[in-house]
Amino acid sequence: RTCGSACFHSRLSSKCGDLSMLPIWSMARSVVDRYRSMDTSETWKRIHKQVSRRQVSGTTERPRALNPNSALRLTWDLATMLFVLYDAIMLPTAFLPYEEPLALDIVNLGLRIFWTVDFPMCFVCGFTRKDGSTELSLPKVAKHYIRTWMALDIVVILLDWIIWALDVGAQAGSAARSVKVLRATRLARMLRMLRVYRLAVLSNKYMPFLRYVTRSMGTRLALEIVKVMLGMLLVNHIIACLWHFVANFPGSVEGGDVVDNWLTHNDVVSLQVTDTYVLAYHWAMTNFVGQSDINARTTTERIFSVVVLTFAFLVLAVVPPRITTLMTSYQNANAENTTKYLQLTNYLQDHNISQRLAVRLQRAALSGLRLQRMRTPEASIQLLEFVPQELRVELRWEMNSPHILVHPLFSTMDEVAPSVARKLAFDAVSALELAGEDVLFLAWEEPEPPTVFFVCAGSINYMHHGIPTEDGDIDVLKGSWLSEASLWTRWVHRGDAQALQDTSMLILNAASFQEIVLASDIVDAVRRYGERFLERLREMDSDDVTDLTPPFSSSEDVDAAFCEVFCEEDH
């Protein structure tokens, strides 16, 4: 190949041409106007207005609420969940006959202060609407909180401080009165359980995020089982505390004699509270499965047992089938992939394929399955068909913009004409997945259709002119692009490109790019940039021209082209 390099270069030079501008960029102004007249979609007009309004509002200084997805709000929500769980665990213990230590009084005072501070926080923290958008306007945030949870929060906070005041007063009063008041306030403290609604609110907020970040079906199944188990443990804890309270329910003493309840019948009255709580917890669990030696003795205990058994019946009718469905889905997904792999293996064996090639094929097939699980094609998401186009445009823009905005031309277009940039990301950009050792293109090939490649993940090995050199090959990594010249001239690839590993790319269709730009108001500036780009290529030695990101591609060239055009228009 080295001996034939001179012939190779001569053939390549004759095939590559003179890097002249494509005729479509030299179209007359009347033809460009006709392209613009074709772009009359009402959807894109609305998108243009929305983006423009967003940019104007971003430059206007106005009081804004705290973003609900910010780190500060995430930390506050995490503390809220921990404190609600603490209340859910500790408040039911008010039904147990024990003396609260001083440490618990200090913790409860700290919780009261936290919930009091949380009240004004709700007026300055934004919320997420049902359509997924974020509301940060302070008047709208305050109105939303007033209509939803403010009344309940006020009631709980006031009752909490009233109970605290009664506790302090009872401790300063007589001993007999203090015992009665303290017992009543401890039971009234159960009203703080109303804050459990916060768990439901935060669960609705963060559970979709957890499902989003846990792509594995096995991980989702484990999270669901852990959530159910924690819920069951908490429910049994509450039932155990209530079962202990029922035994000492007011009216259980008649004429000075103690009624035969489950504590006296099992001769466990003399045991410590922790021991009797464990017995009560065991009884609570046996209502869901198993059999207990502890039985109801009084009418009150029997009524409570009936209520608990009814609740247990409903739980057993709902929870186990849900877990079974998740496990069945997990097993079916694995069985389907195993069946596909066995079909491929049997096919290769039936046709006597060599072991070396068979291993490569199996490895490529498994890599393809892994890529499919990691990056589900948009066409396979049926629910997206019911989403308005404006939201699908925003979806595609958020997916593609981090990778195409590394190019200075597109970052400038996003600043000058954001609706055009979004239309490019929606109509002209598509995804491409390559497995390890897949060939992207070869030297001498003329791309059909002409395409620009953006590397999103992985790496591409590029060999200039397809011939190994002393300097070695070039690895194209994330944040780079290939074959930009396809946008401006009739391009022929100058080297071989092959994936070194599983690689994700975005491909920009040159024809779609040209059509969208010709229908926009920035066509002259983009055309001028293309002319400057080709001028730079012509100044280079023909052997130095490659498909790689050109060394002169910078924001200065783009700014110069745009300023040159728009300054002329201003004059």
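Heads up: the structure comes first, above all this text.
Residues numbered from 1 in each chain as written. Predicted model: local features only at pLDDT ≥ 70, side-chain atom pairs only at ≥ 80, totals over all residues. Heavy atoms only, no water.

### Topic: the overall build of the chain
Scanning the chain from N- to C-terminus turns up 20 helices and 12 strands. For the chain, the residues scored as buried account for 37% of the 571 residues in total. Taking the intrachain contacts of the chain between residues at least 6 apart in sequence as the baseline, contacts between residues at least 24 apart amount to 79%. (Helix = DSSP H or I, 4+ residues; strand = E, 2+ residues; numbered from the N terminus. Buried < 20%, exposed > 50% of the residue type's maximum accessible area, 1.4 Å probe, protein only. Contact = heavy atoms within 4.5 Å.)

### As for the sheet that holds strand β10 (residues 481-482)
Pairing is antiparallel in the open sheet, where four strands are placed in the order β5-β12-β7-β10. The open sheet is flanked by β5 (429-434) and β10, the only strands paired with a single partner. Bridge analysis of β5 against strand β12 (residues 503-509) gives six bridges, and the strand direction is antiparallel. Paired with Val 429 across the strands is Leu 508, a residue of β12. Where helix α17 (residues 418-428) meets the sheet, it contacts β5 and β12, and its direction lies at approximately 50° from that of β5. (Pairing = 2+ DSSP bridges. Axes fitted to C-alpha atoms, helices over the stretch in contact; angles between N-to-C directions.)

### Considerations on a nonpolar patch on the surface
A surface patch of nonpolar side chains, about 390 Å² in accessible area, is lined by Leu 109, Ile 113, Val 117, Trp 164 and Val 168. Here the nonpolar patch takes three residues from helix α5 (residues 102-121), the largest share from any one element. (Patch = residues over 30% accessible without salt bridge, like charges linked within 9 Å, V, L, I, M, F, W, Y side chains within 5 Å. Areas by Shrake-Rupley, 256 points an atom, 1.4 Å probe, with all protein chains shown as cover. Salt bridge = Lys/Arg side-chain N within 4 Å of Asp/Glu carboxyl O.)

### Examining unusual backbone geometry
The omega torsion across Glu 448 and Pro 449 is 0°, close enough to zero to call that bond cis. Within the secondary structure layout, Pro 449 lies in the loop between β6 (439-441) and β7 (451-457). One non-glycine residue, Asn 352, lies in positive phi territory at about 55°. As for its placement among the helices and strands, Asn 352 is situated in the loop between α13 (299-350) and α14 (355-374). Judged by its relative accessible area of 69%, Asn 352 is exposed. Of note, Ser 483 is a non-glycine position whose phi angle comes to about 65°, a positive value. Its place among the elements puts Ser 483 in the loop between β10 and β11 (495-499). Owing to a relative accessible area of 1%, Ser 483 belongs among the buried residues under this scheme.

### Here we look at the pattern of salt bridges
Counted according to the given criterion, the structure contains eight salt bridges. When the shortest N-O distance is used, the salt bridge between Arg 490 and Glu 446 registers 2.7 Å. Of this pair, Arg 490 sits in the loop between β10 and β11 while Glu 446 sits in the loop between β6 and β7, and the two are 44 residues apart along the sequence. By relative accessible area, which is 35% here, Glu 446 ends up partly exposed.

### A few points about the environment of Arg 198
Structurally, the position occupied by Arg 198 is in helix α9 (residues 197-213). Spatially, the C-alpha atom of Arg 198 lies 7.5 Å from that of Val 84, the residues being 114 residues apart in sequence. With sequence-adjacent residues up to four places away left out, Arg 198 is seen in contact with Thr 80, Val 84, Trp 115, Asp 118, Cys 122 and Asp 153.

### So, the sheet that holds strand β9 (residues 474-476)
Spatially, β6-β11-β8-β9 is the arrangement adopted by the four strands of the open sheet, whose pairing is antiparallel. Two strands bound the open sheet, and with one partner strand each, they are β6 and β9. Here the strands of the sheet are splayed against their neighbours by 30° on average, with no regard to which way each runs. Two elements, β6 and β11, share two bridges in a ladder whose sense is antiparallel. Of the residues in β11, the one forming a bridge with Phe 441 is Ala 497.

### Here's the deal with the pairing of β11
Strand residues, when the strand is regular, have side chains that alternate between the two faces of the sheet. Of the two faces of β11, only the one carrying Gly 495, Ala 497 and Ala 499 is buried; Asp 496 and Gln 498 on the other face are not. One ladder, built from five bridges, connects strand β8 (residues 460-464) with β11; its direction is antiparallel. Within β11, the position partnered with His 464 by the bridge is Gly 495.

### Section: the side chain of Asn 261
Tracing the chain through its elements places Asn 261 in the loop between β4 (257-258) and α11 (262-265). A relative accessible area of 4% places Asn 261 in the buried class. Looking at Asn 261, its side chain comes within polar contact range of the main-chain oxygen of Ala 247, at 2.8 Å. Within the structure, Asn 261 has its side chain in polar contact with the backbone nitrogen of Thr 264 (distance 2.8 Å). The residues contacting Asn 261, other than those within four sequence positions of it, are Ala 247, Arg 297, Thr 298 and Glu 301. (Polar contact = N/O pair within 3.5 Å; in protein donor to acceptor, adjacent residues only side chain to side chain.)

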